[in-house]
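Observations on the model geometry
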Amino acid sequence: MPFTHDTDASLVTMAALVNSELDDTLETPQDLDRFVLEQEISGSRTHDATELRRVRALRPVVRQFFGAEEGPAVELVNTILVDHRALPQLVRHDHWDWHLHAATSESPLAVRLAVEAAMAMVDVIRNDDLSRLAHCAAEDCQGVLVDLSRNRSKRYCDLGCGNRAAVAAYRERQRQAK
């Protein structure tokens, strides 16, 4: 994998956040609690409807990174970092070794998610790897994906599109064999 563990984790969280709009997995504060636990997001929480609304509002912002050209991606990264007064610092917590946070653990969840996304994008842009953030290849899907594979071969999001495509291809081969 081309990035550090914290960048990988942030990129995967970005895709999960954007895709949560497609499969309606962030409808309640309890859904957000589950998302935070699954994505191993640290820091303070309010566990209320306002926090949920702010995180949900972040999805279209983060979606802009997927399939973005360098110029607009850089502009969005800088806007997020400036708007939230990001101040990168090394931290170590839970099972994570030293890594960067650019928002305090007391910052609102939506701010931490936005800033962590922007910080991950800094690495993506500096590595000239924007192509690793893509839209799902399934024609009927609006999902996004992060391709962390060595050979850059991931084409489908994590919402089951790859399995559906494989089953469809298998059935087509079986049909043609008859």
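Because the structure is a prediction, the values reported are computed rather than measured. Sequence order as written defines the numbering, with residues in each chain counted from 1. Whole-chain, interface and lining totals are the exception, using all residues; otherwise, since this is a predicted model, local features are given only for residues with pLDDT of at least 70 and side-chain atom pairs are given and counted only at 80 or more. To get the side-chain values, all heavy atoms of the structure are used, and hydrogens and water are removed first.

A separate point is the UniProt feature "domain: Zinc finger CGNR" (unreviewed entry) in the protein. With numbering matched to this structure, UniProt assigns "domain: Zinc finger CGNR" (unreviewed entry) to residues 132–174. This span, residues 132–174, is 33% helix and 14% strand, and a straight line between its end C-alpha atoms measures 33 Å. UniProt positions are given in the numbering used here, feature names are shortened, and annotations may be inferred rather than shown by experiment. Per the convention used, a helix needs a DSSP run of H or I reaching at least four residues, while a strand needs a run of E reaching at least two, with both numbered from the N terminus.

What follows covers the nonpolar core. Joining through side-chain atoms within 4.5 Å is the link that ties buried Ala, Val, Leu, Ile, Met, Phe, Trp, Tyr and Cys residues into a set, and such a set is a nonpolar core. For every residue, the accessible area (1.4 Å probe, protein chains only) is compared with the maximum for its type, and the residue is labelled buried under 20%, exposed over 50%, or partly exposed between those bounds. Within the largest apolar cluster, 43 residues are counted, with the highest numbers of intra-cluster contacts made by Leu11, Met14, Phe65, Phe66 and Met121. Taken together, the elements giving at least two residues each to this core come down to helix H1 (5–19), helix H2 (29–38), helix H3 (49–63), helix H4 (70–83), helix H5 (109–126) and strand E4 (144–146). Among the elements that line this core, the one with the most residues is H5, at 13 residues. Any pair of residues with heavy atoms lying within 4.5 Å of one another is described as a contacting pair. Every residue in contact with leucine 11, bar those within four places of it in the chain, is listed here: Phe3, Ala120, Met121, Val124, Leu133, Val146 and Leu148.

Residues with no salt bridge and a relative accessible area higher than 30% make up the patches, which join like charges within 9 Å and nonpolar side chains (Val, Leu, Ile, Met, Phe, Trp, Tyr) within 5 Å. A 1.4 Å probe and the Shrake-Rupley method give the accessible areas. Residues count as covered only by the protein chains that appear here. Any carboxyl oxygen of Asp or Glu that lies within 4 Å of a side-chain nitrogen of Lys or Arg is treated as forming a salt bridge with it. Residues Leu90, Trp98 and Leu100 make up a contiguous nonpolar surface patch of roughly 320 Å² in combined accessible area. Mapped onto the elements, leucine 100 comes out in strand E2 (residues 96–101).

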